[in-house]
Amino acid sequence: MLCSRLSPSSFHFLPLRLLGTAASRTVGFKDAELHHTALNFEDPSAFRVKSLGELLRALTVFRLCSFPVLVNNCGKLMSVARSILGGKAFSLMLRPTVYAQFVAGENENEIARSMEKMSLLGLRPMLAVPIEEDLGESTGEKRYDDNMEIMLECVRMSHCNAWCKDPMMQLKITALLSPELCVKLTTVIAQQPFDLGLLVRAMDGEASVDKVRVLVDAEYTYMNPALSLITMAMMKKYNTDGAWIWNTYQCYLKESRSLLSEALSLSKREGFCLGVKLVRGAYMDKERKLAEKEGRLDPIHQSWEDTNDSYNGCLDVMLRTISQNPERYRIIVASHNEESVRRAARRMEELQINKDRGSVCFGQLLGMCDHVSLTLAKEGYAVYKSVPYGSVNDTIPYLVRRAQENRTVLQGIRKERDLLRREFKRRMGLIVRGGSS
């Protein structure tokens, strides 16, 4: 019965036109000379590119984010503030603070100004459409059609603007497909083998030549098998000459290493390029509570150390694979963890993987971990910042979810605050003495 629902006519929810824009010929990369450079994330001079106002804003926002009670209840607090202040005053309050710290802008002109500044710093934008759904949040098929148009506009902006040579964007499939259907497909996959070719044949659109890499985010374990199957089908169809569709692997899951191994085997067997976004994961609390409620084994590693071992193991597997075939395999090391970043850079040197060929890049969130991002960019590595955009009303729900998912990161940014504070004091000292920055 499900197979009939997965016919081409009922696959309109898939980003077929979006995916078509990603299938194009790979571009050539200029080889870079390999040399060792120790990455120093202790130097506040990385923040000298920021204005005094930007330093003050970051210090204020990060200070607020250091209080667990504010992060854990930010959604409720913002709802109360909106009801008291009204929509316009609420927007005016957030725009110069939280919004300006983590969002690129509302319209293309605002986004372009942010991206041009980022480009001058050697950073690359990875536009993130702030749309997703969980079970029970679906509002009907029209929403998915509307979301499709938004995704296509994101492709256009990523491709048409000269913000970087290898444009990327990221999306969540639940913005385009009912989470309930993902869960049903996951159930079927668990009961019987599923033909990848069926999904490939359902994607019957022709590809165009927009050179945009599309990173598909992982979500919850109760729908990830379906999301992964759909993503692998997109890879089989469009990744014949380059990694245009990328999948995400959450290393806090006990099965992450085996999932990555299966993907590598499948890519070799089916002959498609594999792009991997490697993350630790952000849904730990909800996953554990759900597993306990349903009487299942906890899918999450028991300790931070186990998660680190999982991340480092997956990272090493991908880097060794890339060193052997850099044109067929790609990875974005999506991490705010300094040791993981250093490890990746060290292994790149050991395996003689060039910094600027595009096979290995790094990723952090806009407005966070800038001391790592800016240092990497200064040393010649490819660094992307995940860049949400849209109105205050459109982006705040997205930011609330990201804040609650990354609360450990937000509450552990003491080092970045200290570096910002040192640069702020240096700048104020120069002003008092009448010097220049």
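Residues numbered from 1 in each chain as written. Predicted model: local features only at pLDDT ≥ 70, side-chain atom pairs only at ≥ 80, totals over all residues. Heavy atoms only, no water.

Visitor: Tell me about the nonpolar core, residues and numbers included.
Guide: In terms of nonpolar packing, the biggest core is built from 90 residues, with Leu127, Met232, Leu274, Leu278 and Ile331 touching the most fellow members. Broken down by element, the residue count for this core peaks at nine residues, all from helix α11 (residues 224-238). In this structure Leu278 touches Tyr249, Cys251, Tyr311, Cys314, Leu315, Ile331, Ile332, Val333 and Ala334, once residues within four positions along its chain are discounted. Phe47, Ala58, Met368 and Ile413 belong to the second largest nonpolar core, which has 27 residues in total. (Core = buried A, V, L, I, M, F, W, Y, C linked by side-chain atoms within 4.5 Å. Buried < 20%, exposed > 50% of the residue type's maximum accessible area, 1.4 Å probe, protein only. Helix = DSSP H or I, 4+ residues; strand = E, 2+ residues; numbered from the N terminus. Contact = heavy atoms within 4.5 Å.)

Visitor: Tell me about the pairing of strand β3 (residues 213-216), and please be specific about residues and values.
Guide: Here β3 shows a buried face lined by Arg213 and Leu215 and a second buried face lined by Val214 and Val216. Summarising the sheet, strand β2 (residues 168-171) and β3 pair through four bridges and their orientation is parallel. Bridge assignment links Met168 to a residue of β3, and that residue is Arg213. As judged from the three bridges shared by β3 and strand β4 (residues 245-250), these two strands associate in the parallel manner. Note on β4: the bridge partner recorded for Val216 is Asn247. Where the polypeptide runs from β3 across α11 and back to β4, its parallel neighbour, the crossover connection is right-handed. (Pairing = 2+ DSSP bridges. Right-handed = clockwise from strand over helix to strand, strands pointing away.)

Visitor: Which residues make up the side chain of Ser391, and what values go with them?
Guide: Inspection of the secondary structure assignment puts Ser391 in the loop between β8 (383-388) and α17 (392-405). A distance of 3.1 Å separates a polar atom in the side chain of Ser391 from the backbone nitrogen of Asp394. Those residues within four positions of Ser391 in sequence are excluded, and the remaining contacts are Tyr99 and Glu106. (Polar contact = N/O pair within 3.5 Å; in protein donor to acceptor, adjacent residues only side chain to side chain.)

Visitor: Please provide a residue-by-residue account of the environment of Arg342, values included.
Guide: Residue position: Arg342 is located in helix α15 (residues 338-350). Overall, Arg342 belongs to the partly exposed group, its relative accessible area being 21%. Along the sequence, Arg342 and Phe41 sit 301 residues apart, while their C-alpha atoms lie 9.7 Å from each other. Apart from the residues lying within four places of it in its own chain, the contact partners of Arg342 are Leu39, Phe41 and Glu42. Here the side chain of Arg342 touches Leu39 through a polar contact of 3.4 Å, landing on its backbone oxygen.

Visitor: Summarise the pairing of strand β5 (residues 274-279); cite the residues concerned and give the values.
Guide: Taken residue by residue, a regular strand's side chains alternate between the two faces of the sheet. Within β5, six of the six residues are buried, leaving the element largely enclosed by the surrounding structure. Alternating positions in β5 separate into two faces, Leu274, Val276 and Leu278 on one and Gly275, Lys277 and Val279 on the other, with burial throughout. Considered for its hand, the β-α-β crossover made up of β4, helix α12 (residues 256-270) and β5 is right-handed. Bridge analysis of β5 against strand β6 (residues 329-334) gives five bridges, and the strand direction is parallel. Residue pairing across strands places Lys277 opposite Ile332, the latter belonging to β6.

Visitor: So, helix α7 (residues 108-120): which residues are in play, and what are the values?
Guide: Along an α-helix, residues three or four positions apart point the same way, because every turn accommodates 3.6 residues. Between its terminal C-alpha atoms α7 stretches 18 Å, which fits the 18 Å expected from 13 residues at 1.5 Å a residue. Listing the buried residues of α7 in full gives Glu110, Ile111, Ala112, Met115 and Met118. On its buried face, α7 is in contact with α6 (87-102), β1 (124-128), α8 (141-160) and β8. A distance of 3.1 Å separates the backbone nitrogen of Asn109 from a side-chain oxygen at the start of α7, and that oxygen is part of Asn107. (Expected span 1.5 Å × (residues − 1).)

Visitor: I'd like to hear about the packing of aromatic side chains, residue by residue, with values.
Guide: Counted under the stated rule, the structure contains three aromatic pairs. Plain terms: the ring middles of Tyr220 and Tyr222 are 5.3 Å apart, the flat faces sit at 10° to each other, and that makes the pair stacked. We note that Tyr220, like Tyr222, is buried. Relative to Tyr283, the ring of Tyr220 lies with its centre 4.3 Å away and its plane at 40°, an arrangement referred to as tilted. Placement of Tyr220 in the loop between β3 and α11 and of Tyr283 in the loop between β5 and α13 (284-294) is noted, with a sequence separation of 63 residues between them. Both residues of the pair, Tyr220 and Tyr283, count as buried. What links up through ring pairs into an aromatic cluster is the set Tyr220, Tyr222 and Tyr283. Sitting above the plane of the Trp244 ring, Arg213 keeps its charged end 4.7 Å from the centroid. (Phe/Tyr/Trp six-rings, centres within 6.5 Å; stacked < 30°, edge-to-face > 60°. Lys NZ or Arg CZ within 6 Å of the ring centre and 35° of its normal.)

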